[in-house]
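Summary of structural features
These are the residues of each chain, in order.
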Amino acid sequence: IPGLGTEPVATIKRAKLREWVAGLGAGNKTIANIMSVLRAALQEAYEDELIDANPAAGWTYRKAEAVKDDDIDPFSPDEQAAILASLEGQGRNLIQFALWSGLRTSELVALDWTDIDWIQGVARIRRAITQASDAAENTKTKAGRRDVKLLGPALQALKSQKAFTYLAGKEVFQNPR
């Protein structure tokens, strides 16, 4: 194994693995992928009685990653007002809703009128449409399926949008072209 030396597999101990993994200079995802393969290989060596124990069994390495400083730069209230003032109709409704709901683009285009709970004031996010999909699909992760509390401006955008797409019984925001 490159970096672990040329000594026999029987001499590999957990401390040696820990030292080797720490020096990889890779992120946790890459390290987990490497360790998955290495752990399986060492398990085979153990089952073939080449080593007395698998030094990677039950052990995972997690590098302490630096906290990323998200460079979030939301529009100021003045910028939002200027953007909305330049739009009308469905375009304005879509952008106002997007600004005040925080939905991902793929969630916005899949949002159906049946996803809106007017009583609770929430949008139930269950589907997404990506460029790679022809139709709405379940969200990528379980965390992606959620209820989003709708603030006043988002609810107002939906009420204005009703005139355009509500009776069609399909997606809330449709391309008017």
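Below: a short report on this structure. (Residues numbered from 1 in each chain as written. Predicted model: local features only at pLDDT ≥ 70, side-chain atom pairs only at ≥ 80, totals over all residues. Heavy atoms only, no water.)

Our focus in this paragraph is the sheet that holds strand β5 (residues 146-149). The antiparallel open sheet is built from three strands, whose spatial order is β1-β2-β5. Whereas interior strands pair on both sides, the edge strands pair on one side only; in this sheet they are β1 (116-117) and β5. In this sheet, β5 lies alongside strand β2 (residues 122-125) in antiparallel orientation, the contact comprising four bridges. Within β5, the residue paired with A123 across the bridge is V148. (Pairing = 2+ DSSP bridges. Helix = DSSP H or I, 4+ residues; strand = E, 2+ residues; numbered from the N terminus.)

The subject of this paragraph is helix α4 (residues 89-101). Its 13 residues place the ends of α4 18 Å apart at the C-alpha level, agreeing with the 18 Å of an ideal helix rising 1.5 Å per residue. Along α4, the residues that are buried comprise Q90, N93, Q96, F97 and S101. The buried residues of α4 occupy an angular sector of 130° when projected down its axis, which confines them to one face. Residues of α4 that are buried sit in contact with α3 (77-85), α5 (105-110), β5 and α6 (152-165). Once α4 ends, the next one or two residues include G102, with phi positive near 80°. (Expected span 1.5 Å × (residues − 1). Buried < 20%, exposed > 50% of the residue type's maximum accessible area, 1.4 Å probe, protein only. Arc of directions from axis to C-beta. Contact = heavy atoms within 4.5 Å.)

It is worth spelling out helix α2 (residues 28-47) at this point. With 20 residues, α2 extends 28 Å from end C-alpha to end C-alpha; this agrees with the ideal 28 Å at 1.5 Å per step. Of the residues making up α2, those classed as buried are N28, I31, M35, L38, L42 and A45. Down the axis of α2, the smallest arc covering the buried residues is 95°, so these residues share one side. With respect to the buried face of α2, the exposed residues turned more than 90 degrees away are K29 and V37. Buried residues along α2 sit in contact with α1 (14-22). In the segment just after α2, E49 is the residue with positive phi, at about 60°.

Checked against the element boundaries, Q90 lands in helix α4. For Q90, a relative accessible area of 17% gives the class buried. Once the C-alpha coordinates of Q90 and Y46 are considered, the two residues, 44 residues apart in sequence, prove to be 64 Å apart. Sequence-distant contacts of Q90, defined by excluding residues within four places in its chain, comprise Q161, F164, T165, Q174 and P176. Of the polar contacts made by the side chain of Q90, one reaches the side chain of Q161; its length is 3.1 Å. (Polar contact = N/O pair within 3.5 Å; in protein donor to acceptor, adjacent residues only side chain to side chain.)

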